[in-house]
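Here is what each chain is made of, one letter per residue.
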There are 4 protein chains.
Amino acid sequence: VARTPLDPEEIRRQLSTLPGWELRDGRLRRAFEFRDFVEAFAFMTAVALRVQEMDHHPEWSNVYGTVRIELVTHDAGGVTDRDVELARRIEAIATRWPKA
Amino acid sequence: VARTPLDPEEIRRQLSTLPGWELRDGRLRRAFEFRDFVEAFAFMTAVALRVQEMDHHPEWSNVYGTVRIELVTHDAGGVTDRDVELARRIEAIATRWPKA
Amino acid sequence: VARTPLDPEEIRRQLSTLPGWELRDGRLRRAFEFRDFVEAFAFMTAVALRVQEMDHHPEWSNVYGTVRIELVTHDAGGVTDRDVELARRIEAIATRWPKA
Amino acid sequence: VARTPLDPEEIRRQLSTLPGWELRDGRLRRAFEFRDFVEAFAFMTAVALRVQEMDHHPEWSNVYGTVRIELVTHDAGGVTDRDVELARRIEAIATRWPKA
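No experiment lies behind these values; they were computed from the predicted model shown.

The rules behind each value
Residues numbered from 1 in each chain as written. Chains lettered and ligands numbered in written order. Predicted model: local features only at pLDDT ≥ 70, side-chain atom pairs only at ≥ 80, totals over all residues. Heavy atoms only, no water. Least-squares fit on C-alpha atoms with pLDDT ≥ 70 in both. Contact = heavy atoms within 4.5 Å. Core = buried A, V, L, I, M, F, W, Y, C linked by side-chain atoms within 4.5 Å. Buried < 20%, exposed > 50% of the residue type's maximum accessible area, 1.4 Å probe, protein only. Pairing = 2+ DSSP bridges. Helix = DSSP H or I, 4+ residues; strand = E, 2+ residues; numbered from the N terminus. Axes fitted to C-alpha atoms, helices over the stretch in contact; angles between N-to-C directions. Buried area = accessible area lost by both parts, 1.4 Å probe. Salt bridge = Lys/Arg side-chain N within 4 Å of Asp/Glu carboxyl O. Polar contact = N/O pair within 3.5 Å; in protein donor to acceptor, adjacent residues only side chain to side chain. Nonpolar A, V, L, I, M, F, W, Y, C, P; charged D, E, K, R; others polar. Phe/Tyr/Trp six-rings, centres within 6.5 Å; stacked < 30°, edge-to-face > 60°. pLDDT = per-residue confidence, 0-100.

Visitor: Run through the relation of the copies chain A and chain D, naming residues and quoting values.
Guide: Note: a rotation about an axis with an accompanying shift along it relates these two copies of the chain. Least-squares fitting of chain A to chain D yields an RMSD of 0.0 Å, with the transformation described by 0.0 Å of translation along the axis and a rotation of 180 degrees. The two molecules are tied by a two-fold rotation axis, judged by turn and shift. Minimal C-alpha distance to the rotation axis in chain A is attained by A:S61, lying at 1.9 Å. When the interface residues of chain A are mapped onto chain D, 100% of them again lie at the interface, so the same face is used by both copies.

Rendered as structure tokens:
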């Protein structure tokens, strides 16, 4: 099934229940701060398991306790419902994760 | 440096500040319960990073949300201060981890 | 959908194309040997990603470079096609993995 | 111990035995390509274990099968022997890893 990008209005509506996430340069973005590399990389492992489950992949980076995540659907040329769904699953992990 | 096993008295003293851990069949043991496989395996990843840091390896098993850990120093033929130290680092992770 | 256990004849047929795996005590089993803890735990991470993808979980254990995996479908009370499928995905990883 | 940056001559000498790595914008850099997300993230896990062992952290990013790694010692304001050592450990993993 071809995915179509969400329109800006719909993205704004979704972001209203995804605090911390923003739309910038056509991608959903959020940075997370953890206490150290161990807790950051364990968080990445939990996210990786959800990513594989959805077969939808982020662009993400890490340095020490910081993890930055960007979500976009390349095939669709924009942010789709899959990006929003992955953002929700990442939030569900982050909410329960040890705080910095 | 050759490690020597701790005597039973000393192990008991250490266990008094490691709630949940027990000495059984010559090993320190504890089972942990997490909500699901994702949180269990992310916990294992955090523990793996501490294990590698210490270069001291557990015998451990997992099924779904359960992780069982056994610690012993094979070279010394018993429980040593390294096992106690690894148990303390594992506890430091578990204390902060999402609860089942 | 309720899963039903495979009959012993069918399991034997499947095992003929899964070298290294055996049926023992009602479970599919295989042990893998890697060079060290790093390569063993990275293998476990790859397997964990496939496990999550299938939502079908092994009973598995590790010590240093050794990983032991047991597969059974508890709900069905025996080995099902899901266990065979997970064994095949694990083999696909192991075939490409760095050898001990 | 305060680390001091390596001089450009020394970095060039080290890079001659680290094929694929380059010095750009004051950092050691290399991109790795793997077959899929599973093999890329398992590689990252192996690297994470070496990182924790050295207590020296990369800036790294991933998308699907691509992993980009940048190494610099912030405290020293440049590339030090620690970055070269971490690059060597990463190469030792990559050499043995499943190819794309």
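Visitor: Go over the nonpolar core with me, naming the residues and quoting the values.
Guide: Grouped together as the largest cluster of nonpolar side chains are 128 residues, with contacts concentrated most on A:F43, B:F43, C:F43 and D:F43. Among all residues touching C:F43, those that are not within four sequence positions of it are C:F32, C:F34, C:V67, C:I69, C:I90, C:I93, C:A94 and C:W97.

Visitor: Could you give an account of the sheet that holds strand 3 (residues 59–63) of chain D, naming the residues involved and the relevant values?
Guide: Reading across from one edge, 1(A)-2(A)-4(A)-3(A)-3(D)-4(D)-2(D)-1(D) is the order of the eight strands in this open sheet, with antiparallel pairing throughout. Among the strands making up the open sheet, the edge pair consists of strand 1 (22–24) of chain A together with strand 1 (22–24) of chain D. Adjacent strand axes in the sheet meet at a mean angle of 25 degrees, parallel and antiparallel pairs treated alike. Sheet strands touched by helix 3 (residues 81–96) of chain D: strand 2 (27–33) and strand 4 (66–71) of chain D. Its angle to strand 2 of chain D, the strand with the most contacts, is close to 10 degrees.

Visitor: How would you sum up the interface of chain B and chain C? Please name residues and give values.
Guide: With 16 residues of chain B at the interface, the matching set in chain C holds 16 residues. Here chain B and chain C share an interface that buries about 1,400 Å² over both sides, 72% of which is from carbon and sulfur atoms. At the boundary of chain B with chain C, the tally comes to zero salt bridges. In this structure, the connection of chain B to chain C is made through two residue pairs in polar contact (both at pLDDT 80 or more). For the side of chain B that touches chain C, the secondary structure elements donating two or more residues are helix 2 (37–54) and strand 3 (59–63) of chain B. A per-element tally of the side of chain B that touches chain C places helix 2 of chain B first, with eight residues. Each residue belonging to the side of chain B that touches chain C can be placed in one class, and the counts come to ten nonpolar, five polar and one charged.

Visitor: Would you mind going over the packing of aromatic side chains in detail, with residue names and values included?
Guide: The description of an aromatic ring pair rests on the distance of the ring centres and on the angle between the ring planes. Summed over the entire model, instances satisfying the criterion amount to 32 aromatic pairs over all chains. Consider the rings of A:W97 and B:W97, whose centres lie 4.9 Å apart with planes at 65 degrees: the pair is edge-to-face. Taken together, the positions of A:W97 in the segment after helix 3 (81–96) and B:W97 in the segment after helix 3 (81–96) put the pair across two chains. Of the residues examined, B:W97 reaches a relative accessible area of 2% and is grouped as buried.

Visitor: Can you lay out the pattern of salt bridges for me, pointing to particular residues and giving the numbers?
Guide: Applying the stated criterion to the full structure yields 64 salt bridges over all chains. The partner of B:R3 in a salt bridge is B:D81, and the shortest N-O contact between them spans 3.1 Å. With B:R3 in the segment before helix 1 (8–15) and B:D81 in helix 3, this residue pair connects regions lying 78 residues apart in the sequence. Overall, the relative accessible area of 38% leaves B:R3 in the partly exposed class. Notably, a salt bridge pairs D:R50 with D:E53, separated by 3.0 Å at the nearest N-O pair. You can see D:R50 and its partner D:E53 sitting in helix 2 (residues 37–54), three residues apart, about one turn around the helix.

Visitor: Pulling in residues and values, what's your account of unusual backbone geometry?
Guide: The backbone phi angle of A:D25 is positive, close to 50 degrees, even though this residue is not glycine. Note on A:D25: relative accessible area 66%, which makes it exposed. For B:Y64, which is not a glycine, the phi torsion comes out positive at approximately 45 degrees. With respect to the helices and strands, B:Y64 occurs in the loop between strand 3 and strand 4 (66–71).

Visitor: Pulling in residues and values, what's your account of the confidence of the model for chain A?
Guide: Close inspection of predicted coordinates is inappropriate for parts of the model with low pLDDT. Overall, the prediction assigns chain A a mean pLDDT of 96, with 98% of residues at 70 or greater. Two numbers describe this predicted complex: its pTM, 0.97, and its ipTM, 0.95.

Visitor: Account for the environment of D:F32, with residues named and values stated.
Guide: Residue and element names in this part refer to chain D. Here F32 shows up in strand 2. Given the relative accessible area of 5%, F32 is considered buried. Spatially, the C-alpha atoms of F32 and A42 are 13 Å apart, while their sequence positions differ by ten residues. Among residues more than four places away in sequence, those in contact with F32 are W21, F43, G65, T66, V67, I69, I90, E91 and A94.

Visitor: Explain the environment of D:E70 to me, and be specific about the residues and the numbers.
Guide: All names here are of chain D. Within the secondary structure layout, E70 lies in strand 4. On the accessibility criterion, E70 (23% relative accessible area) is partly exposed. Each C-alpha atom, one on E70 and one on L28, is 5.6 Å from the other, the two residues being 42 residues apart in sequence. What E70 contacts, discounting residues up to four positions off in sequence, is R27, L28, R29, P58 and E59. At 2.6 Å, the side chain of E70 and the side chain of R27 are in polar contact. For E70, the side chain forms a polar contact with the side chain of R29, separated by 3.1 Å.

Visitor: Account for the interface of chain A and chain D, with residues named and values stated.
Guide: Taken together, the contacts link 16 residues of chain A with 16 residues of chain D. Contact with chain D buries surface across chain A, with A:F37, A:F41 and A:W60 losing the most and accounting together for 37% of the total. Along the contact surface separating chain A from chain D lie zero salt bridges. One can count two residue pairs in polar contact (both at pLDDT 80 or more) joining chain A with chain D. Looking at the side of chain A that touches chain D, the elements with two or more residues in it are helix 2 (37–54) and strand 3 (59–63) of chain A. With eight residues, the top contributor of residues to the side of chain A that touches chain D is helix 2 of chain A. In the side of chain A that touches chain D, the residues fall into ten nonpolar, five polar and one charged. Bridge count between strand 3 of chain A and strand 3 of chain D: five bridges; the pairing is antiparallel. Opposite A:W60, over in strand 3 of chain D, you have D:N62 as the bridge partner.

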